[in-house]
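Chains, contacts and geometry: an overview
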Amino acid sequence: MPNPTSSSGIRDNHSRGPVADFLKTKIHAGSQLSIVSAYFTIYAYDALKTQLDQIGHLNFLFGEPRFIASLDPDKTEKKAFILDGNGLHLTNTLQQKRVARECAEWIRQNVDIRSVRHSQLLHGKMYHIANNGVEEAILGSSNFTVRGLGLGAGNNNIELNLVVDSNRDRQDLKAWFDELWKSDGTNGTEKLVEDVKPDVLKYLDQLYQNHAPEFIYFKTLFHVFESFLADQDKGGLLDQNIKIVDTEIWKACFEFQRDGIKGTINKILKHNGCILADSVGLGKTFEALAVIKYFELKNERVLVLCPKKLRENWTVYQAQNNSLLNPFTKDRFGYTVLSHTDLSREDGFSGDINLETFNWGNFDLVVIDESHNFRNNTPGKRDEEGKIIRRSRYQRLMEDIISSGVRTKVLLLSATPVNNDLRDLRNQLYFLTEGHDDTFKDTLDISSLKDTLTAAQKTFTLWAKRHTGERKTKDLLEKLSSAFFKLLDELTIARSRKHILRYYKNSIAALGGFPTRNKPISIYAEIDLQRRFLSYDKLNDEIGGYKLSLFAPSRYLKDEFRQLYQTHAGDPFSQADREKFLIGMMKVNFLKRLESSVKSFEITMGRTIDKIEHLEQKIRNYQADPNQNPESEELELNIEIPEADDDADDPMEVGGKFKYRLEHLHLDRWLEDLQRDKQQLSLLHSSAEAVICDTNGERNITKFYSGINLLPRKNKWE
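Just so you know, these numbers come straight off a predicted model, no measurement behind them.

Quick look at the overall build of the protein
Of the regular secondary structure elements, the protein holds 24 helices and 24 strands. Within the protein, the fraction of its 718 residues that count as buried is 45%. Contacts in the protein between residues far apart in sequence, at least 24 positions, make up 73% of those at least 6 positions apart. On the protein, roughly 39400 Å² of surface is accessible, and the fraction owed to carbon and sulfur atoms is 49%.

The structure is reproduced here in structure tokens:
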């Protein structure tokens, strides 16, 4: 660290020198010290022990009344630990007891300590030294801590302090300090300060006393479960006005489920949300119902968002449906149920709910079943200028339900909240924070969700790249940051069957154990009654090799025009990527149509051939006379996939509307490939048409599959 210039009075613990150097040079035998600081640490005393042990006297004034909890402002330092990027390291090598004992003895002999009585009353920090009529002083922001005084090893605070070089100012500072020091309520003065020396000594005594093992054990248990016990009390689970324990859903839950319910409620109350990620079969739905009932008893409105195929799993418990299948009719559940796909709609009805007039922002709690479906914060659909013309489901959920209207708490249900990497978890956690990255900065000391999870993902990725024999779980756990574990512990509940069997032995034994899962039996109908066709594999191989150039105009762009067809900034996919995905979806769709019926397959083949012929005609018309119709110069890719899965993303998001100018394409090459595609699909179409039915209406598709055998293998395309 460079020395401060001789002309500068600034001490910043950085380029202009540490405050500690000023104190070391000015404190002598018999010095009289007056100090104002918000904090005092025994390690700062230990670093200046040589100078401080020889002083005449010190009057120390705490600038904050909460000094007992802040004798060491860094909670890790109070326990003699420093948390850094390399893990947890014990500092001072078990010297805490010695330092605390020596500091306490020094205070008894040489120090008086007072504190201001009201928080935020005194902010300044001052160090005044008197040596036989010669006064020195420094004023600024440095507290009496290791880093505040610049005594740390490379991790000091950057402070701003100024050496007071005027005799008049130094005398005024001492007079100001004495006036405040004596404002203890005696002699008719206003009581601004109070004596706290006995409290400080009592605290220090606790640091070096030899406690009984039982005391240490119980104190450790208290601190481990302190947050949990506080949450239990704050959660009010046994509140007379709520009576969750009297509900039918609570009575139906097992012990391990009730513990999950209590933990979930407390996390929602504390952090505005929770991810319940218990393994499949542990009863997340019942746990979620109990959580819903808790908030309904508080007269809060609840919305359940679930996949469309699971809708009946939730509506059966609604009191309004009066279902005989509902075992909890007495609980009178009044929550609202909508499907994930309803987030893609602006109007129409979902059940008896009119989506056009629905108030999305009026829910106090939203329960998201299968929340991993919202693991991607996908951009909405954009127009040619890049403006969003339709929001994604993620955006709709965040903007219309989470961020608008009343403050909304969030319960996420998923046995697999992470599918690909920890970005999946981050995007779901943003629902708890309304999209803010630093929400847990004060409560959990996690300044950034993104940075915490990104660092954890990098650690895991490096660990996963090791050879199998070198990958030890212990090594991974040691390298992951404590912030990552704190985040998971505070915001998630994830238990496996193994966990339940280990910690709830008696409950599981009383139930007779978990049921044994039988191997699934595949039941399917024979497509070919004469059993000449073994599987879909042969057809899949053929279709998988088709080029389907109808859906891929970008393949035929001339090199000099490719730059004109770049997608907008921030789009993770190029148009070529989108067309590739669209072709993959179309191939799957062909097989789905066959799975439905041979007739459906025939219709789909016919429609696709019609589209190819329409495109061929348009290209030939343009080639015959490019100037006959200006509109014919443009080709718009707008492919609709029939009967798309309700829970799948809109296929238009991968194909999309995208305009090409025909003059920018290699049209002869495209026509050649279109002709080849048409020949291949026509063979399938004619084979499907040849399917006949016998007198009993049974299907016989021998001719259909024998037709496939005629397909030459040279037609396979990459």
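There is more to say, and it comes next.
Some remarks on a nonpolar patch on the surface
Together, Tyr217, Phe218, Leu221, Val224 and Phe225 make up an exposed nonpolar region whose accessible area comes to about 520 Å². Note on placement: Phe218 falls in helix α8 (residues 213-235).

Some thoughts on the environment of Leu683
Note on placement: Leu683 falls in helix α23 (residues 667-689). Each C-alpha atom, one on Leu683 and one on Met605, is 9.5 Å from the other, the two residues being 78 residues apart in sequence.

What to know about the pattern of salt bridges
The tally for this structure, following the rule as stated, stands at 30 salt bridges. Through salt bridges with shared partners, one network takes in Glu346, Arg391, Arg396, Glu399 and Asp400.

Considering the packing of aromatic side chains
In total, this model carries 22 aromatic pairs according to the counting rule given. Aromatic pair Trp314 and Tyr335: ring centres 6.3 Å apart, planes at 85°, arrangement edge-to-face. With Trp314 in helix α12 (residues 311-315) and Tyr335 in the loop between α12 and β13 (336-339), this pair connects stretches of sequence that are 21 residues apart. An aromatic cluster of at least three residues, connected via ring pairs, comprises Phe40, Phe60, Phe62 and Phe144. For Lys293, the ring lying beneath its charged end belongs to Phe333, and the centroid distance is 5.2 Å.

Regarding helix α5 (residues 96-110)
Here α5 is 15 residues long and its end C-alpha atoms lie 21 Å apart, about the 21 Å a rise of 1.5 Å per residue gives. Those residues of α5 that fall on the buried side of the exposure criterion are Gln96, Val99, Ala100, Cys103, Ala104, Trp106, Ile107 and Asn110. Axial view of α5: buried residues confined to an arc of 165°, hence all on one face.

Considering the sheet that holds strand β7 (residues 125-131)
Across the sheet, 8 strands lie side by side as β1-β9-β8-β7-β2-β3-β6-β10; this open sheet has mixed pairing. Each having just a single partner strand, β1 (10-11) and β10 (193-195) make up the two edges of the open sheet. With 5 bridges joining them, strand β2 (residues 32-37) and β7 adopt antiparallel strand pairing. Counted as the bridge partner of Gln32 is Ala130 from β7. In the packing of helix α6 (residues 167-181) onto the sheet, the strands contacted are β2, β3 (57-62), β6 (111-116), β7, β8 (134-140), β9 (161-164) and β10, and the crossing angle to β8 comes to about 75°.

Side note on the sheet that holds strand β20 (residues 492-493)
Taken in spatial order, the 6 strands of this open sheet run β13-β12-β16-β19-β11-β20, and their pairing is parallel. Strand pairing shows two members of the sheet lacking a second neighbour, β13 and β20, which therefore form its edges. For strand β11 (residues 273-276) and β20, the ladder comprises 2 bridges, and the chain directions are parallel. Looking across to β20, one finds that Ile275 is bridged to Thr492. Sheet contacts for helix α11 (residues 284-297): β11, β12 (302-306), β16 (365-369) and β19 (409-413); angle to β19, the most-contacted strand, approximately 170°.

Here is what the cut-offs are and how they apply
- Residues numbered from 1 in each chain as written.
- Predicted model: local features only at pLDDT ≥ 70, side-chain atom pairs only at ≥ 80, totals over all residues.
- Heavy atoms only, no water.
- Helix = DSSP H or I, 4+ residues; strand = E, 2+ residues; numbered from the N terminus.
- Buried < 20%, exposed > 50% of the residue type's maximum accessible area, 1.4 Å probe, protein only.
- Contact = heavy atoms within 4.5 Å.
- Areas by Shrake-Rupley, 256 points an atom, 1.4 Å probe, with all protein chains shown as cover.
- Patch = residues over 30% accessible without salt bridge, like charges linked within 9 Å, V, L, I, M, F, W, Y side chains within 5 Å.
- Salt bridge = Lys/Arg side-chain N within 4 Å of Asp/Glu carboxyl O.
- Phe/Tyr/Trp six-rings, centres within 6.5 Å; stacked < 30°, edge-to-face > 60°.
- Lys NZ or Arg CZ within 6 Å of the ring centre and 35° of its normal.
- Expected span 1.5 Å × (residues − 1).
- Arc of directions from axis to C-beta.
- Pairing = 2+ DSSP bridges.
- Axes fitted to C-alpha atoms, helices over the stretch in contact; angles between N-to-C directions.

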